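# Chains, contacts and geometry: an overview
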Amino acid sequence: MEDKKILVLNKQQIQQKIDRIAYQILEDNFEEKELIIAGMLPRGGFLAARLKKVLDEIAPFTSTLLTIDLDRFSTSLNAKVDFDIEICNNKVVILVDDVLNSGKSLAYGFGIFLDVPLKKLRTVVLVDRNHKNFPINTDYSGIALSTIIKEHIDVVLSETGQEDAVYLR
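Notes on the structure in this doc start here. Source: prediction; values computed, not measured.

### Structural notes on the sheet that holds strand 5 (residues 92-100)
In space, the six strands of this open sheet follow the order 4-3-2-5-6-7, with mixed pairing throughout. Whereas interior strands pair on both sides, the edge strands pair on one side only; in this sheet they are strand 4 (79-81) and strand 7 (140-144). For this sheet, the mean angle separating the axes of adjacent strands, direction not counted, is 25 degrees. The sheet strands contacting helix 1 (residues 11-28) are strand 2 (34-40), strand 5, strand 6 (120-128) and strand 7, and the helix crosses strand 7 at an angle near 145 degrees. Helix 2 (residues 43-58) contacts strand 2, strand 3 (62-70), strand 5 and strand 6 of the sheet and is inclined by roughly 155 degrees relative to strand 2.

### Examining the sheet that holds strand 1 (residues 6-10)
Working definition: the strands of a sheet are paired by backbone hydrogen bonds and lie parallel or antiparallel to each other. With antiparallel pairing, the three strands of this open sheet are ordered in space as 1-9-8. Single-partner strands in this sheet number two, and they are strand 1 and strand 8 (153-156). The sheet shows a mean angle of 20 degrees between the axes of neighbouring strands, taken without regard to direction. The pairing of strand 1 with strand 9 (residues 165-168) spans four bridges and is antiparallel. Note on strand 9: the bridge partner recorded for Ile6 is Leu168. Contacts from helix 1 reach strand 1 and strand 9 within the one sheet, and its direction differs from that of strand 1 by about 50 degrees.

### Describing empty space enclosed by the protein
All told, the structure shown has one cavity of 30 Å³ or more when counted by the stated rule. Taken as a whole, the largest cavity encloses approximately 60 Å³ of empty space. Every residue along the wall of the largest cavity is listed here: Ile18, Ile21, Leu47, Leu51, Val96, Val124, Val125 and Leu126. Residue assignment for the lining of the largest cavity shows that the elements contributing at least two residues are helix 1, helix 2 and strand 6. For the lining of the largest cavity, the element with the highest residue contribution is strand 6, accounting for three residues.

### A closer look at the packing of aromatic side chains
For the coordinates displayed, the defined rule picks out zero aromatic pairs. Over the ring of Tyr167 we find Lys5, and its NZ or CZ is 4.3 Å from the ring centre.

### As for the side chain of Asp128
Counting through the fold element by element, Asp128 comes out in strand 6. Its relative accessible area of 7% is what places Asp128 among the buried residues. In terms of polar contacts, Asp128 uses its side chain to reach the backbone amide nitrogen of Asn130, at 3.0 Å. Every residue in contact with Asp128, bar those within four places of it in the chain, is listed here: Leu100, Thr138, Ser141, Ile143, Ala144 and Leu145.

### A closer look at the pattern of salt bridges
Across all of its chains, the model carries seven salt bridges by this definition. Residue Lys91 pairs with Glu34 through a salt bridge whose shortest N-O separation is 3.3 Å. Here the residue Lys91 occupies a position in the loop between strand 4 and strand 5, and Glu34 occupies one in strand 2, the gap between them amounting to 57 residues. For Asp164, the salt bridge identified is with Arg50, shortest N-O distance 2.6 Å. Within this pair, whereas Asp164 is found in the loop between strand 8 and strand 9, its partner Arg50 is found in helix 2, the two being separated by 114 residues in sequence. Like Arg50, Asp164 is buried. When salt bridges with common partners are traced through the structure, they connect Arg50, Glu159 and Asp164 into a single cluster.

Basis of the calculations
Residues numbered from 1 in each chain as written. Predicted model: local features only at pLDDT ≥ 70, side-chain atom pairs only at ≥ 80, totals over all residues. Heavy atoms only, no water. Pairing = 2+ DSSP bridges. Helix = DSSP H or I, 4+ residues; strand = E, 2+ residues; numbered from the N terminus. Axes fitted to C-alpha atoms, helices over the stretch in contact; angles between N-to-C directions. Contact = heavy atoms within 4.5 Å. 1 Å grid on protein atoms, 1.4 Å probe; cavity = no way out; pocket = protein on both sides within 12 Å on 5 of 7 lines; lining within 4 Å. Points joined across faces, edges and corners; volume = space filled by probe spheres on them. Phe/Tyr/Trp six-rings, centres within 6.5 Å; stacked < 30°, edge-to-face > 60°. Lys NZ or Arg CZ within 6 Å of the ring centre and 35° of its normal. Buried < 20%, exposed > 50% of the residue type's maximum accessible area, 1.4 Å probe, protein only. Polar contact = N/O pair within 3.5 Å; in protein donor to acceptor, adjacent residues only side chain to side chain. Salt bridge = Lys/Arg side-chain N within 4 Å of Asp/Glu carboxyl O.

Structure follows, in structure tokens:
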């Protein structure tokens, strides 16, 4: 039997969510000179790049895009980064992922910055599923869905060769 997919967000709605989040980030950080946007690979990296593009158009501050590659199945923090962590010193860091499910990925993402004196650390997700095993909350989310554990959220982005969409299955 084929999985039934329900469209939650289409391409236009995803862009509207990204635009709204960018304006929220601008409002919360309008006095900053630079922001660090750290995308969690793969889809969090795509969303971070899109967020940076919008911020570059609307914000007076500069934004730097970084990526974090986590081993999401590890029982300990195992990550690769494409930057020297010291560039984050005394700056605002925005940690971006596609879906907040259990909170484990974002918790591991926080772990990368534990030894760095940050001005503040904020989180962005496109979809917050409200199924947290870790005490993680998002600062900015596109949509919050109360789903059952058996359900799955698929975030499909054009960077993967398909049209942008978020599906519930």
